[in-house]
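# Summary of structural features
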Amino acid sequence: MKNLNTLLAGIFLAVALPFGALVISSQVQLGSLGRAPAEDGGPLFPSREPGLAIQGRAVYVSLGCVSCHTQQVRPAGQGSDIARGYGTRPSVARDYSQQKQVLLGDRRIGPDLANYGARAKDLGGVHAAIQHNGQFAFLYSGAKQDVPSERAIALAAYLQSLRQDYSSPEAKLKQ
Amino acid sequence: MTQENRSGRPQGRPPEGDSRLTRTEAQLRGPFLLFFVSAVIWLLAASVLGLIAALQQGSIDAGPFRGCEVLTYGHIAAAQRNLFVYGWGFNAFFALNLWLLSQLGRFELRNDWLATLGGAVWNIALTYGVIQIFGGNQTGFGLLEFPREVGPILAVAFLLAGFWPIVAFARRPTGHTFASQWFVVGASFAFPLAYLLAQLLVLWQPASGVVQAIAHSWFVSNLLLLWFGASALAAVYYFLPKVLGRTISGYYLAPVGFWTFFLFAGWTGPSSLIGAPVPLWLQSMGVVAGAMLMVPVIITAINFHGTLSSEGGWSRAWNDTTLRFVSFGAVAFTLFGVLNAAFGFRGTNAVVRFTSFAAGQEQLLVYAFATMVLFGAAYFVLPRLTGSLWPSAKLVHVHFWATALGTVASSIALLVGGYESGKQLADASVSLQQVAKAGSSWNLTLVVSAVLLLVGHCAFALNAFGMILKSSAPVSAGRHD
């Protein structure tokens, strides 16, 4: 405790070891995850993100939507996510492998959005949801606040692109 | 009392200081006041934003500033948390850590302009970052929300402003060291490491997929426990024995407490990812680390509460402004540790996950513990540095009662409210709207407590700024030395 070098070495290890063991080793384990078919010859999932969805995510991030919305479905037995209809299966790491920025979130003031694209009925419904009863009216114009701005269009495309309704090697959909 | 009569000084007790302003203190007065004044200004700004956030919370259509883009909840919440943590918490601990280690190591800060420069850069970068958040330029990762160009600037500013405690430790004249010194050195060294690594892997060269979330959770645990927690523990270890004039009970345990705290705190991050799409072994590591963190929590509890419990310590603490705040914080830390362990397990965590419970735990740590300790420290240090008394005893009372009641009320509202809504959410037949409606009574408590905190902070700011202005008036100039 009297020797600064011993103290600093210990503290360095206290920071570096968890970093190596938690962060670097999960990068080793998960870093190479990519698109994969659920069974041989099947289609590859998750789909690549459309360009408009990538723009939409920038809007999602900029408005701080992550303060109120998560994007992760927990397995059955931990909470009621699947029973609540947030998803048909638990989220797995591969679902996020195509996303440049992963917004899991840790607070649900609003519903989970991991599988929103699959349960959204039509584009009108998505825009109604984005408006939040008029709180986000600034994304719309027109007399009835029904003309979406470019940002609202991109955001809607992003929300519609959020889907976890396919089978992947780690999480098969129940038939 | 002479300065050199401490050869036979018992362990577990900081050295007796001079009651007058010492040369070491006079030298750090400039940077200390810069850090302190900016900290209080950020605290006021954060509490105004906290009030707005409380008004908006839990209601998607009510609340003021409806339809105003700049003041959407996503902006307010991010700006509030960052201002509180980086504006108030960091500036205040820059000041306190520097003062503590100068006192304990009799360190003369000769290059005070470097610390001042660091403080100026830190606050300018922070202002820029917060303006960017309101302008819609944020990253989406909690406590790393500032646009990525701010990160390296804050890191450099930290090295200029926050690294002096380590220099003070290296240059101390005596071989003996005290618990506060280890914790401050640890905090000052661990934070910049964690911050730079997190900046790199989350913002500059983002790791792939969910590894971003893992790196982020690792960073947040480091920031909250190893910077806030360790810095505030250092202050408790100093002020309790100092003001009570006795040794820490069970002080021989303190080194174990220190090493176990630093050993386990860094692994607790993934406990905020339970149920998330990350490997199960990783979640289990977080759970285990959270439980192991009980070891340092118990040791600090023995050290702090043991010291307070002997010979009427509690009543003396109650009657001393500094100790009243500091022992409030010490109790809050123990409570935080117990809750952290109890709600770290998979079963209990599944109930409170995604509710306000985690915010309640953070409130316990950064407010009820760290901030209350900082307030107590200010009541001890500022009169020494400015050479004048607190202008108003009434404002001190307002400050204590408003902040104490405010933080108790908001912690209870976030924790109990979070637990209740978690229980309801577990039943899928209860809709999200019904849960929000059932929890709306807690929203009123949150608004009231935000008002209380704001009132308390205004009282504190008035008192402190009044004192600083009075002491810099020409009449009292040059009174020392």
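All values derive from a computational prediction rather than experimental measurement.

Right, let's get into the overall build of chain A. When its secondary structure is counted, chain A shows 5 helices and 4 strands. Counting helices and strands in the order they occur from the N terminus, chain A gives α-β-β-α-α-α-β-β-α. On C-alpha atoms alone, chain A measures out to a radius of gyration of 20 Å, which is more than a quarter above the 16 Å that the 2.2 N^0.38 rule sets for 175 residues. Overall, the C-alpha framework of chain A stretches about 70 × 45 × 30 Å when taken along its three principal axes. By the burial criterion, 50% of the 175 residues in chain A qualify as buried. Restricting the contact set of chain A to residue pairs at least 6 apart, pairs at least 24 apart contribute 69%. Accessible surface, chain A: about 8000 Å² in total, of which carbon and sulfur atoms supply 57%.

What follows is about the interface of chain A and chain B. With 65 residues of chain A in contact, the opposing surface of chain B contributes 79 residues. Buried surface at the junction of chain A and chain B, summed over both partners, amounts to about 5900 Å²; 67% is from carbon and sulfur atoms. Taking the shortest distance from any N to any O, the salt bridge between B:Glu69 and A:Arg151 comes out at 2.9 Å. Linking chain A with chain B are 16 residue pairs in polar contact (both at pLDDT 80 or more). Sorting the residues of the side of chain A that touches chain B by element identifies α1 (4-30) and α2 (51-62) of chain A as the ones contributing at least two each.

Residue and element names in this part refer to chain B. The full count for this structure, using the stated rule, is 63 aromatic pairs over all chains. Centroid distance Phe333 to Phe369: 4.7 Å. Interplanar angle 40 degrees. Geometry classified as tilted. Of the two residues, Phe333 is situated in helix α12 (residues 321-342) and Phe369 in helix α14 (residues 357-386); the sequence distance between them amounts to 36 residues. Arg172 extends its terminal NZ or CZ atom over the ring of Phe169, reaching a point 4.3 Å from the ring centre.

A separate point is a nonpolar patch on the surface. Residues and elements named next belong to chain A. Judged by side-chain polarity, Phe12, Leu13 and Leu17 come together as a nonpolar surface patch covering roughly 280 Å² of accessible area. By the element assignment, Phe12 lies in helix α1. The class of Phe12 is partly exposed, set by a relative accessible area of 38%.

Calculation notes
- Throughout this description, residue numbers start from 1 for each chain and increase along the sequence as written.
- Each chain takes a letter, starting from A, and each ligand takes a number, starting from 1, following the order in which they are written.
- It should be noted that, the model being predicted, local features are given only for residues of pLDDT at least 70 and side-chain atom pairs only at 80 or more, the latter also being counted only at that level, while totals for whole chains, interfaces and linings use all residues.
- By convention in this description, side-chain values take in all heavy atoms of the structure and omit both hydrogens and water.
- Going along the chain from the N terminus, every DSSP run of H or I of four or more residues is numbered as a helix, and every run of E of two or more is numbered as a strand.
- Our radius of gyration looks at C-alpha atoms and nothing else; its globule reference is 2.2 Å times the residue count to the power 0.38.
- Throughout, exposure labels follow a simple rule: accessible area from a 1.4 Å probe, protein chains only, divided by the maximum for the residue type, with under 20% read as buried, over 50% as exposed, and the rest as partly exposed.
- In what follows, residue pairs with any heavy atoms lying within 4.5 Å of each other are defined as contacts.
- Here, Shrake-Rupley sampling with a 1.4 Å probe gives the accessible areas, and only protein chains in the shown set may cover a residue.
- Accessible-area loss on putting two parts together, using a 1.4 Å probe and summing over both, is the definition of buried area adopted here.
- By convention in these notes, a salt bridge is any Lys or Arg side-chain nitrogen within 4 Å of a carboxyl oxygen on Asp or Glu.
- Pairs of N or O atoms within 3.5 Å make up the polar contacts considered here, provided that, within protein, one atom can donate a hydrogen while the other can accept it, and that residues adjacent in sequence are counted only when both atoms are side-chain atoms.
- Paired rings are identified among Phe, Tyr and Trp, the last through its six-membered ring, by centres lying within 6.5 Å, and are further divided according to the angle between planes into stacked (under 30 degrees), edge-to-face (over 60) and tilted (the rest).
- In our convention, an over-ring charge means Lys NZ or Arg CZ found within 6 Å of a ring centre and within 35 degrees of that ring's normal.
- Each patch is built from residues that are more than 30% exposed by relative accessible area and take part in no salt bridge. Like charges join if they lie within 9 Å; nonpolar side chains (Val, Leu, Ile, Met, Phe, Trp, Tyr) join within 5 Å.

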